[in-house]
Amino acid sequence: MYRKTYVEIDEEQLKKNTEEIVHKYPDYKYYFGVVKNNAYHHGIRVVNSLIEGGVNYLAVSSLEEAIEIRRYNCTIPILVLEPIDLDFLDDAMNNHITLTIDNLKYLSFLNELKLPYQVNIHLKIDSGMNRLGFKTHKDIKTAMRIISENKMLYLEGIYSHFATSGIQDEYYDRQVDTFLELMKDIHLEDIPIVHLDRSLTFVTHEKLSFVNGVRLGIALYGFNGSRNIKNGLKNRLREMKRKIYVKRHHISPTILENNLHLQTAFKMYSTVMSLRSVKKGEFVGYNASYKMKEDGYVATIPVGYADGVTKNFGYVAIRNKRYPIISDSMDMIMVLVDKTIKYKDKVEIFGDTISVREVANRLGVNAYHLFNQISTRVVRIHKTKDEELEIKY
Ligand SMILES: Cc1ncc(COP(=O)(O)O)c(C=O)c1O
């Protein structure tokens, strides 16, 4: 690494997060690790840490992502969550990939092919998200018949996706009801894998009796979905309001606090590249947008919006102390520091002093967006038990 701006991925922590979830929620048979978008930008090689921790199925968005995983693991089953272009079915089958079937027309195309291999499929049910999936009982029945009559199609799973957390809305309950209504007179117990929940719905609701799988994304990457309902007046007021709403709308019980000990494994660092003293009244950065209020010191850090870091991040931390970002540009930010700061000091963009959650909140986004925002220009250092590996995408 020449330019000292990097993301540190703690693979041991990802393994620990997975172990913790599997240990505390042992009543599932299938723990899907959702590793789309390069494992939420953690780097696809982390799949093996997740598998060591207990994930026994993976889920991705595209065939490209699925095939990329095969470079790291040849055996783990992989579900592509979007219907793939059937022109590339051979590639999918050669790599033992499970397909999502989301509508009857698509299934009919597949059914008409002279398949030289058995195709493993999961039916996607649209219980209210209106993104992908079967919407009517009639279509689902027809799909089940087509599959049962074609020996080359194997119905391994059935699944749906929740649009909301269901913490303070009735939509989660409505989706569960819709799913069950669509499944009436279908023997779910005969389908090997039934999976509905994602991280937040999983930790905030009792296990649905008819599922045996769960798709975990953000929880694996360190977010337990707990709400701080007891601390602070604002939180207590919010919780009172929520309780009234829940009662009025007969929303099923939710679990707002859990004892899942998860930690993020994605930290970002840079270094002090240049230092200057700047006099009161001088301007800093493009558009002369920051005017020094008094004599002081400005550190220039080699990280900018091309890396996903902007002035809106608010602060960086140097030796555990916060310093405000006063200007940004494509490749550099400027930080107001003090005279203790030295050339080549390590700079935390987020990590132990400034958390992912804090930065995400300040940006008005969630952790998914923040991980995604850190560009692949930034070198990744993967830390495992035995080694540190530098990866440039
Ligand atoms: C279909 C599907 N299942 C599961 C997940 C995982 O969600 P989460 O990261 O909230 O656990 C996603 C993520 O977007 C998804 O699209």
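The subject of this paragraph is the site of the ligand. In the neighbourhood of the ligand, the contacting residues comprise Val34, Lys36, Tyr40, Arg131, His161, Arg198, Ser199, Arg215, Leu216, Gly217, Ile218 and Tyr368. The separation between an oxygen atom of the ligand and a polar side-chain atom of Arg131 is 3.2 Å. The separation between an oxygen atom of the ligand and a polar main-chain atom of Gly217 is 2.9 Å. Protein contact buries 93% of the 390 Å² of open area that the ligand shows by itself. In terms of residue class, the shell around the ligand is built from five nonpolar, three polar and four charged.

With that settled, the discussion passes to the environment of Asn366. Secondary-structure assignment places Asn366 in the loop between helix 11 (356–363) and helix 12 (367–373). Linking Asn366 and Thr340, residues 26 residues apart in sequence, is a C-alpha distance of 34 Å. A polar contact of 2.7 Å, which involves the side chain of Asn366, links it to the side chain of His369.

Quick look at helix 10 (residues 233–248) now. In a regular helix each residue adds 1.5 Å, so 16 residues correspond to 22 Å; helix 10 covers 23 Å between its end C-alpha atoms and thus fits that length. Turning to helix 10, its buried residues are Asn235, Glu239, Arg242 and Val246. Each buried residue of helix 10 lies within a common arc of 65° when the element is viewed along its axis, so the set occupies one face. Among the exposed residues of helix 10, those pointing more than 90 degrees away from its buried face are Leu233, Lys234, Met240, Lys241, Lys247 and Arg248. One or two residues past the end of helix 10 sits His250, with phi positive at roughly 50°.

Here Asn17 is to be found in helix 1 (residues 11–24). A distance of 2.8 Å separates the side chain of Asn17 from the backbone oxygen of Gln263, its partner in a polar contact. Discounting residues that sit within four places of it in the chain, Asn17 has contacts with Ala219, Leu220, Tyr221, Gly222, His261, Leu262 and Gln263.

Moving on, we come to the domain arrangement of the protein. Accessible area lost upon the coming together of the parts serves often as the stated size of an interface. Considered domain by domain, the protein is made up of domain 1 (11–248) and domain 2 (266–391). Across the contact, 12 residues belong to domain 1 and 17 residues belong to domain 2. Interface of domain 1 and domain 2: buried area, both sides summed, is about 1300 Å²; carbon and sulfur atoms make up 60% of it. Of all residues in domain 1, His41, Arg45 and Phe223 bury the most surface against domain 2, accounting for 44% of the area lost on that side. Our count for the contact surface shared by domain 1 and domain 2 stands at zero salt bridges. Here domain 1 and domain 2 share eight residue pairs in polar contact (both at pLDDT 80 or more) between them. Elements supplying a minimum of two residues to the side of domain 1 that touches domain 2: helix 1 and helix 2 (36–41).

With the rule as written, the count across this model stands at 17 salt bridges. Salt-bridge contacts for Glu8 lead to Lys383; the nearest nitrogen and oxygen are separated by 3.6 Å. You can see Glu8 sitting in strand 1 (residues 6–10) and its partner Lys383 sitting in strand 19 (residues 379–383), a full 375 residues away along the chain. Its salt-bridge partner being Asp338, residue Lys321 comes within 3.0 Å of it at the nearest N-O pair.

Thresholds applied
All residue numbers here refer to positions counted from 1 along the written sequence of the relevant chain. Local features in this predicted model are restricted to residues whose pLDDT is 70 or higher, and side-chain atom pairs enter the listing and the counts only when it is 80 or higher, whereas totals over whole chains, interfaces and linings include all residues. With hydrogens and water stripped out, all remaining heavy atoms of the structure feed into the side-chain values. Throughout, the term near means that a residue has one or more heavy atoms lying within 4 Å of the molecule or strand in question. Any pair of nitrogen or oxygen atoms within 3.5 Å is treated as a polar contact; in protein, a donor-acceptor pairing is required on top of that, and neighbouring residues in sequence qualify only through side-chain atoms on both sides. Only the protein chains shown count as cover for residues, with accessible areas throughout obtained via the Shrake-Rupley method and a probe of 1.4 Å. Residues are grouped as follows: Ala, Val, Leu, Ile, Met, Phe, Trp, Tyr, Cys and Pro are nonpolar; Asp, Glu, Lys and Arg are charged; every other residue, Gly included, is polar. Segments assigned H or I by DSSP are reported as helices when at least four residues long, segments assigned E as strands when at least two residues long, and all are numbered from the N terminus. Given a helix with a known number of residues, its expected span is that number minus one, times 1.5 Å. Buried means the residue's accessible area, taken with a 1.4 Å probe over protein chains only, is under 20% of the maximum for its type, while exposed means over 50%, and partly exposed covers the values in between. In this description, the arc belongs to the directions extending from the helix axis to the C-beta atoms. Any two residues whose heavy atoms approach within 4.5 Å at even a single point are treated as in contact. Domain delimitation follows an automatic or database domain assignment. Once two parts are joined, some of their accessible surface, as seen by a 1.4 Å probe, is lost; buried area is that loss totalled over both. Salt-bridge detection follows one rule: a side-chain nitrogen of Lys or Arg within 4 Å of a carboxyl oxygen of Asp or Glu.

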